[in-house]
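An overview of the molecular structure
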Amino acid sequence: MRAVPKLLLAALLLAPAGAANAQPSAAPSAQEIAERSEQAAYYQAQDGRARVQMEIVDSQGRTRERTMTILRHDMMAGDEQTGHQRFYVYFHEPSDIRDTVFMVHKHPQANDDRWLYLPALDLVRRIAAEDERSSFVGSDYFYEDVSGRSAKEDTHTLKETTDTYYVLRSEPKQPGLVEFDHYVSYIHKQTFIPVQVEYYKADGTKYRQYTVNKVETIEGHPTVVKSTMKDLQGGGHSTLTYTQVDYDVGLTPDVFTERYLRNPPRGQLTQAE
Amino acid sequence: MRKLSEHAAQHRRGYFTGVIAVTLGLMLLAAAGTIFPGAPLLQPLTIDTDPENMLSEDAPVRVDHDRLKKVFGLDEYVVVGVVNDSHEEGVFNPQDLANIHQLTEAAKGLKFTITVDGEKRQARVVSEDIIAPGEVDNIETSGVGAVDFSYLMPSVPETQDGAIQVRERAQSIPMYQGTLVSGDGKALALYFPITHKKISHAVEQELRQEIAQFEDTGADYHITGLPVAEDRFGAEMFFQMGVSAPLAMLCVFLLLLYFFRNVKLILFSIAAAMIAVVFTMSLLVVSGFTVHIMSSMIPIFIIPIAILDDIHILSDFHDRYTPDRPRLEIIREVMGELWRPMLFTSLTTTAGFASLMLTPNPPVQVFGAFVAIGVLAAWFVTVTLRPAYLMIVSEETLAKFGAARKSKGDGADRPHGALAGGLRAMGGFAGQHGKLVLAGSAVVLALSVWGITKIEVNDNPIRWFESSHEIRVADRVINDHFAGSYMAYLQLQPKDGADAPDQPFKQPEMLRWIAGLQRHLEQNVPQVGKASALPDIIKTVHRELLGSADAFRIPDSPQAVAQTILTYENSHDPDNVWNFTTTDYDQANLWLQLNSGDNKDMESVVQAVDAYMADNPPPMAMQKTWFGLTYINLIWQEKMVNGMAQALLGSFAVVLVLVTVLFRSPSWGLLAMVPLTVTVVTIYGIVGWVGKDYDMPTAVLSSLSLGLAVDYAIHFLARSRQIFARTQSWAKTLPEIYEEPARAITRNIIVLGVGFLPLLASSLVPYQTVGTLISAILVLAGLATLLILPALVGQFPNHLFKKETLNESRTQAPAGGAAAGAGRRR
């Protein structure tokens with residue numbers, strides 16, 4: 001797979017064995033790979049914080065930038081992940097959307113709850129949608145790419161195992177809710193990070209591609225610190241760059257309630273660089 | 001120079017081989033270039049049906065159009081209107097919605113390989129920008145304090161109630177009102193954007209195939225849009241060329257046969273015209289020009305002109321031929337008489353068409369240049385090969401021809417036939433009642449000038465199809481039910497140096513001004529079915545955010561605007577915003593759907609916007625740029641009308657100079673201009689009176705009128721002078737002109753006038769127009785020549801025939817125009 005930069009491979013290889021300590025001796029099943037991949041991509045540690053720089057580049061090369069802080073908190077039952085998560089996305093830039101907050105209560109088995117707080121209108125509104133494949137704040141990323149698509153929503157088959165990757169082909173169980181016919185992910189064998197995901201239409205056209213550009217091991221967790229989503233048909237792409245990544249910061253669930261939409265938890269937000 | 005004909009008559013083999021070798025050679029080159037594209041130095045036959053190319057590629061309006069389409073991410077649309085009159089809820093029933101869904105899915109995957117500028121390229125339906133119920137977002141308040149971005153029709157409804165819901169949702173979004181769902185809420189329109197308009201006909205065909213598989217629900221699917229019409233026209237044009245031109249040829253052939261009753265001699269006329277056509281068209285291809293709507297008509301223009309020349313020779317030969325005289329002598333006589341008028345008529349016709357090169361429209365320039373070349377080619381073939389052929393044709397073939405048959409007196413145009421009689425009567429009338437004829441002409445002219453003032457300059461590519469054509473039907477149905485299928489766009493940006501804030505189109509007062517302009521256009525300008533712009537998205541989202549109908553407005557601060565837009569950016573189509581503004585909000589775009597593609601309607605919309613902007617100045621000084629195919633059509637037409645007027649004046653001047661030189665007399669020169677002036681003025685007077693729009697074919701025909709009308713006049717006047725020089729009396733000259741010369745002219749009129757009537761059978765209106773007008777021009781030019789010229793000459797014979805008059809002081813006939821006929825006089 002040439003699309004994955006060498007540097008990234010090196011980073012993945014350097015990832016501590018601990019991240020993959022559960023590596024089974026037998027070859028894992030496709031479903032197992034998908035689930036572990038989901039875990040590696042969205043459930044590292046119990047909570048996390050990062051400053052995220054979003055760059056949206058359209059087909060003409062025009063660029064828009066957004067800067068936000070993303071806070072994440074996983075709902076635990078004892079030491080066990082329940083799969084329920086909360087996200088708090090605070091917008092720093094551009095200035096006319098400063099203080100805007102996007103909040104998510106993610107439910108693995110049901111539709112997520114999403115809220116948007118618009119300070120200029122002093123409004124909190126839930127965003128409802130039948131599917132989760134609408135744009136995430138105007139970027140090429142879908143909402144679901146940011147919050148995570150459950151491994152249970154698709155049927156996975158192991159297409160290929162290379163020296164470095166498991167190559168999974170995934171088909172939706174409910175095709176009516178998604179725009180793709182299937183997608184193919186290249187999942188790193190040690191870290192289970194999906195480093196490239198390609199989305200296909202029924203006629204075999206690849207129209208969308210997610211690529212991890214950079215992985216760093218932060219506090220023992222292999223972490224994607226830069227990724228790109230390309231719209232292969234329209235010609236645009238969006239890049240997410242993560243800085244000030246911190247795990248186990250001790251976020252409490254009350255941060256993720258409506259009360260904090262109007263009054264952001266300033267102490268928990270990242271600082272301008 | 002008349003020696004050329006004699007030379008050809010004596011060295012037949014050389015001329016035949018030469019002409020055929022050159023023509024075939026060119027044809028082979030053109031064919032080789034087409035069959036082996038990319039071969040060095042060869043050019044393939046390239047067909048160009050794009051009216052945009054009426055303007056050169058670097059024309060500012062085209063540059064703007066391409067640039068702004070890119071800036072705002074816009075594509076041309078194939079529009080499909082679905083109407084079901086047999087169901088009480090129209091198409092809002094489960095079965096039709098299922099079909100519409102299936103059609104949309106089928107359209108999504110359409111892609112084709114096309115060749116643009118010699119390069120193969122993929123073009124496709126822009127599936128992500130399709131406007132259809134399953135593809136666009138419904139924006140609504142759902143439950144308490146929630147905004148819902150779900151597809152308008154996430155899945156095909158299974159019940160009638162579900163279908164009604166789809167309608168209700170669509171109707172609640174102002175952006176889709178009239179665009180997606182019809183005003184009466186019973187019909188749906190689907191908009192399929194395409195990356196290149198060259199695939200519109202292919203997309204249309206694929207959609208029709210899909211539609212053909214649907215079970216009949218009573219629904220009608222109508223497909224239109226300017227790109228579809230334009231592309232479709234191109235496809236049909238070549239079919240028409242393949243049918244109309246040969247049919248016209250056949251018709252001309254049959255008429256010639258009637259007049260001359262000699263298959264072999266007449267086949268040669270057709271062959272000569274064909275040689276001229278093949279030569280010209282091959283040359284066009286070989287020199288790398290595209291075959292455009294205009295240039296496809298070149299054969300139709302060359303054929304009459306080529307045959308016209310040939311009929312003069314044939315007619316003259318026909319009237320002189322007897323087997324007992326040496327043929328070369330007859331030919332010498334014929335060519336002696338005709339050489340000069342034929343050369344000059346060819347030159348004037350050439351000048352008429354060459355003047356089209358003065359227009360700013362490249363296809364018109366190419367058309368003019370190549371018809372001019374074709375006319376010269378036709379002239380050469382006629383004056384060389386025709387005499388050569390007459391030399392070799394067998395005695396038997398000629399036995400039943402010409403003077404040999406005169407004694408029998410059968411046939412309407414024989415000297416004793418009805419035509420001949422009629423013409424004599426006409427000559428007598430024109431001669432005796434000159435003043436009456438002139439007065440009548442003056443009245444006609446005055447009425448025509450009045451008519452010209454009524455001419456409406458207008459064109460619309462959709463109207464190039466007959467009223468019953470499916471494209472026209474689709475156009476009517478869609479524009480009746482929906483906002484409009486003709487797209488025009490208006491780009492706005494602060495004037496350079498204007499005191500504009502950062503991101504001007506996020507400012508509430510600016511957005512409100514745009515909303516005001518939209519409202520004004522939709523309410524007060526009947527041609528605008530819908531004006532969509534950024535305020536629509538903002539107002540709709542704001543309404544749903546606040547959950548009340550009165551929140552359908554622009555919020556009060558730029559921040560609130562930004563956050564409203566951010567909310568919308570969480571939908572499935574966030575990029576819709578960038579169809580209406582740029583990412584830094586320094587330009588805005590209004591999308592106007594017009595219900596008519598008439599250029600005059602586009603023009604009135606432009607004027608309405610200007611007036612509105614003058615009366616309601618925007619918050620900051622704005623500059624605007626129009627674009628869109630509908631607007632481009634308006635611009636090329638404006639350029640063409642002005643260009644045509646210039647070209648007409650230019651060729652008028654050139655022709656005047658030419659005829660003055662020909663007759664070596666300004667008086668005769670002016671006289672020769674009379675019939676063409678009367679013809680052109682009358683033709684356009686009639687166009688004005690009957691209310692026919694002055695469109696592309698109508699404009700181009702002015703040069704043909706000029707070429708044909710002056711042709712008759714030159715023949716008539718030159719022959720008059722020759723006859724006068726012999727008879728020395730106008731009274732004796734007049735009846736003689738109404739013999740062979742008048743008959744030649746009349747045969748011409750009938751052969752060509754009737755010969756072009758098959759064009760009326762064409763399903764494409766420009767061909768019908770050309771057919772009708774060519775016939776009308778011929779008849780008018782003939783009448784003007786045969787009636788007005790003798791009437792005018794009769795007023796001042798002494799002045800006009802000074803040079804031909806023999807008297808003591810001028811025993812030698814001067815080398816005037818009539819000197820050409822000297823050979824006959826001796």
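Going by the structure above, here's the rest.
Residues numbered from 1 in each chain as written. Chains lettered and ligands numbered in written order. Predicted model: local features only at pLDDT ≥ 70, side-chain atom pairs only at ≥ 80, totals over all residues.

Each helix and strand counted, chain B has 29 helices and 13 strands in total. Sequence separation of 24 or more characterises 80% of the internal contacts of chain B that already satisfy a separation of 6 or more. (Helix = DSSP H or I, 4+ residues; strand = E, 2+ residues; numbered from the N terminus. Contact = placed C-beta atoms within 7 Å.)

Take the overall build of chain A next. Along chain A, the regular secondary structure elements total four helices and 13 strands. Here chain A has a C-alpha radius of gyration of 18 Å; the compact-globule value for 273 residues is 19 Å, and the two agree. Within the span of chain A, comprising 273 residues, buried residues form 41% of the whole. At a minimum sequence separation of 6, the contacts of chain A that also span at least 24 residues come to 49%. (Rg over C-alpha atoms; globule rule 2.2 N^0.38 Å. Buried ≥ 20, exposed ≤ 12 C-beta atoms within 10 Å, placed from the backbone.)

Contacts between chain B and chain A engage 28 residues on the former and 27 residues on the latter. For the side of chain B that touches chain A, the secondary structure elements donating two or more residues are strand E6 (146-151) and helix H19 (558-568) of chain B. Looking at which element gives the most residues to the side of chain B that touches chain A, the answer is H19 of chain B, with seven residues. Along the lines of polarity and charge, the residues of the side of chain B that touches chain A split into eleven nonpolar, 13 polar and four charged. Relative to E6 of chain B, strand E6 (residues 123-128) of chain A is paired through three bridges, and the arrangement is parallel. Looking across to E6 of chain B, one finds that Ile127 of chain A is bridged to Val147 of chain B. (Nonpolar A, V, L, I, M, F, W, Y, C, P; charged D, E, K, R; others polar. Pairing = 2+ DSSP bridges.)

Let us look at the sheet that holds strand E13 (residues 622-627) of chain B. Residue and element names in this part refer to chain B. On the basis of which strands lie adjacent, the open sheet formed by four strands has the order E11-E12-E10-E13 and antiparallel pairing. The open sheet is flanked by strand E11 (528-532) and E13, the only strands paired with a single partner. For this sheet the average axis-to-axis angle between neighbouring strands, irrespective of direction, equals 20 degrees. One ladder, built from four bridges, connects E11 with strand E12 (residues 588-594); its direction is antiparallel. Within E12, the residue paired with Ala531 across the bridge is Leu592. (Axes fitted to C-alpha atoms, helices over the stretch in contact; angles between N-to-C directions.)

This part covers helix H23 (residues 666-690) of chain B. All names here are of chain B. Between its terminal C-alpha atoms H23 stretches 36 Å, which fits the 36 Å expected from 25 residues at 1.5 Å a residue. Along H23, the helix axis deviates most sharply at Val674, where the bend reaches about 30 degrees; the proline Pro675 sits within four residues downstream. Two residues or fewer after H23 comes Gly691, characterised by a positive phi angle close to 80 degrees. (Expected span 1.5 Å × (residues − 1). Bend = angle between axes of the 7 residues up to and from the residue.)

This paragraph deals with the packing of helix H1 (residues 3-10) of chain B against helix H11 (residues 362-392) of chain B. Residues and elements named next belong to chain B. Running from N to C, H1 and H11 cross one another at 40 degrees; their axes reach a closest spacing of 7 Å. Here H1 lies oblique to H11, going by the angle between them. In this structure, the crossing between H1 and H11 has a hand that is right-handed. Touching Leu4, Ser5, Ala8 and Ala9 of H1 are Val383, Thr384, Leu385, Pro387, Ala388 and Met391, all from H11. Here the contact of H1 with H11 is composed, by residue class, of eight nonpolar, two polar and no charged. (Parallel < 35°, antiparallel > 145°, perpendicular 65-115°, else oblique. Left-handed = near helix turned anticlockwise from the far one by under 90°.)

Attention shifts here to the pairing of strand E12 (residues 221-231) of chain A. All names here are of chain A. In the sheet, strand E11 (residues 206-218) pairs with E12 via ten bridges, with the strands oriented antiparallel. Paired with Gln209 across the bridge in E12 is Lys230. Two successive antiparallel strands, E11 and E12, enclose a turn made up of two residues, where Glu219 displays a positive phi of approximately 50 degrees. Note that E12 and strand E13 (residues 237-247) share five bridges and pair antiparallel.

This paragraph deals with the nonpolar core. Residues Ala276, Ile302, Ala378 and Leu592 of chain B are the most contacted members of the largest nonpolar core, which totals 302 residues. When neighbours within four sequence positions are excluded, Ala378 of chain B is seen to be in contact with Ala272, Ala273, Ala276, Ile302, Ile305, Ala306 and Asp309 of chain B. (Core = buried A, V, L, I, M, F, W, Y, C linked by C-beta atoms within 7 Å.)

To continue, consider the pairing of strand E3 (residues 111-116) of chain B. Residue and element names in this part refer to chain B. In terms of burial, E3 is largely open, as just zero of its six residues are buried. Taken together, the six bridges between E3 and strand E4 (residues 119-124) define a ladder with antiparallel strand orientation. In the sheet register, Lys111 faces E4, and the bridge partner there is Arg124. Here E3 folds back onto E4 in antiparallel fashion, the turn holding two residues, of which Asp117 has a positive phi close to 50 degrees.

Glancing now at the environment of Asn361 of chain B. All names here are of chain B. You can see Asn361 is positioned in the loop between helix H10 (327-354) and H11. Assessed through the 26 C-beta atoms surrounding it within 10 Å, Asn361 is described here as buried. C-alpha separation for the pair Asn361 and Trp636, spaced 275 residues apart in sequence, amounts to 7.3 Å. Residue contacts for Asn361: discarding those within four places in its chain leaves Met54, Leu55, Trp636, Lys639, Met640 and Gly643.

With that settled, consider the sheet that holds strand E2 (residues 76-84) of chain B. Across a sheet, strands are paired by hydrogen bonds formed along the backbone, either parallel or antiparallel in direction. Residue and element names in this part refer to chain B. Taken in spatial order, the three strands line up as E7-E2-E8 in an open sheet, and their pairing is antiparallel. Here the strands that pair on one side only, and so sit at the sheet edges, are strand E7 (188-194) and strand E8 (219-224). Pairwise comparison of adjacent strand axes, ignoring direction, gives a mean angle of 20 degrees for this sheet. Across the sheet, helix H4 (residues 94-108) touches E2, E7 and E8, and the angle it forms with E7 is around 5 degrees.

Next up on the list: unusual backbone geometry. Here the residue pair Glu93 of chain A and Pro94 of chain A is connected by a cis peptide bond, since its omega of -5 degrees sits within 30 degrees of zero. Looking at the secondary structure, you find Pro94 of chain A in the loop between strand E3 (80-93) and strand E4 (101-106). The phi angle at Phe192 of chain A is positive, at roughly 65 degrees, despite the residue not being glycine. With respect to the helices, strands and loops of the structure, Phe192 of chain A is situated in the loop between strand E9 (182-188) and strand E10 (194-200). With phi around 50 degrees, Arg664 of chain B is a residue other than glycine that occupies positive phi space. In this structure, Arg664 of chain B sits in the loop between helix H22 (629-663) and H23. Note on Arg664 of chain B: 15 C-beta atoms within 10 Å, which makes it partly exposed.

All names here are of chain B. H22 packs onto helix H21 (residues 599-615) with a crossing angle of 105 degrees between their chain directions and a minimal axis gap of 9 Å. Relative to H22, the element H21 lies roughly perpendicular. In contact with Asn599, Met602 and Glu603 of H21, H22 contributes Thr630, Tyr631, Asn633, Leu634 and Gln637.

Attention now goes to the environment of His292 of chain B. Following the sequence through the fold, His292 of chain B ends up in strand E9 (residues 291-292). Discounting residues that sit within four places of it in the chain, His292 of chain B has contacts with Asp48, Asn53 and Pro363 of chain B.

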